[in-house]
Amino acid sequence: VAMRAIPLFAAATLLSAGLAFAQDAAKPAGVEQQKAPAGASVFIVSPKDGETVGQEFTVKFGVKGIEIKPAGDPTPGTGHHHLLVDVAELPSGNLPIPADDNHKHYGKGQTEATIKLAPGDHTLQLDFADTSHVQFAPPIVSKKITVHVK
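So, a few notes on the structure that sits alongside this text.

1. Some thoughts on the overall build of the chain
So, step 1. On a plain count of helices and strands, the chain comes out with 1 helix and 11 strands.
So, step 2. Element order for the chain, N to C, with α for helix and β for strand: α-β-β-β-β-β-β-β-β-β-β-β.
So, step 3. Across the chain, every contact between residues at least 6 apart in sequence was considered, and the portion connecting residues at least 24 apart equals 69%.
So, step 4. Of the roughly 8800 Å² that the chain leaves accessible, carbon and sulfur atoms contribute 60%.

2. Focus: the packing of aromatic side chains
So, step 1. The full count for this structure, using the stated rule, is 2 aromatic pairs.
So, step 2. With 5.2 Å between their ring centres and 55 degrees between their planes, Phe-61 and Tyr-106 make a pair best called tilted. Of the two residues, Phe-61 sits in strand S3 (residues 56-64) while Tyr-106 sits in strand S7 (residues 103-106), which places them 45 residues apart along the sequence.
So, step 3. Classification of Tyr-106 by relative accessible area gives buried; the value is 9%.
So, step 4. For the ring pair Phe-128 and Phe-136, a centre distance of 6.3 Å and an interplane angle of 20 degrees mean the geometry is stacked.

3. Focus on the pattern of salt bridges
So, step 1. Overall, the coordinates contain 2 salt bridges when judged by the stated rule.
So, step 2. Linking Lys-143 and Asp-49 is a salt bridge whose minimum nitrogen-to-oxygen distance equals 3.3 Å. Note that Lys-143 is positioned in the loop between strand S10 (135-141) and strand S11 (145-149) and Asp-49 in the loop between strand S1 (41-46) and strand S2 (52-53), a separation of 94 residues in sequence.
So, step 3. The salt bridge partner of Glu-67 is Lys-69, with a shortest N-O separation of 3.6 Å.
So, step 4. For Glu-67, a relative accessible area of 45% translates into the label partly exposed.
So, step 5. The class for Lys-69 is partly exposed, based on a relative accessible area of 22%.

So, how was this worked out
- Residues numbered from 1 in each chain as written.
- Predicted model: local features only at pLDDT ≥ 70, side-chain atom pairs only at ≥ 80, totals over all residues.
- Heavy atoms only, no water.
- Helix = DSSP H or I, 4+ residues; strand = E, 2+ residues; numbered from the N terminus.
- Contact = heavy atoms within 4.5 Å.
- Areas by Shrake-Rupley, 256 points an atom, 1.4 Å probe, with all protein chains shown as cover.
- Phe/Tyr/Trp six-rings, centres within 6.5 Å; stacked < 30°, edge-to-face > 60°.
- Buried < 20%, exposed > 50% of the residue type's maximum accessible area, 1.4 Å probe, protein only.
- Salt bridge = Lys/Arg side-chain N within 4 Å of Asp/Glu carboxyl O.

Here it is, written out as structure tokens:
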């Protein structure tokens, strides 16, 4: 019985250490944010705040004081759009913006997108990010608007 206890203890220790390593590896390290260019802003051109739209509609993105470049382009002071749908709080500033149904990426430098939403009220907000999908400091975000999807 004693001989089995040693290998089991060793296996449990290694497994525990492996889980700790995996958990540490899963925690993304923060990155340094680029300083936002003075006067840079983004805005939603259309739809307008409070507008009623169909379940599929086009959102047009506006930008002022900053240049749009695809993700991966290292030109300082440039970036691309992300559309936040029904997001209550901005993502963490020193981590890449998540890519999911609520955080839509437009890393090819798109200036509009056709999206599909379920009927009901939804909020939309642009979040402009750098080459690595990380927000600028301070964040360059649009005013949050509400659309009524019929």
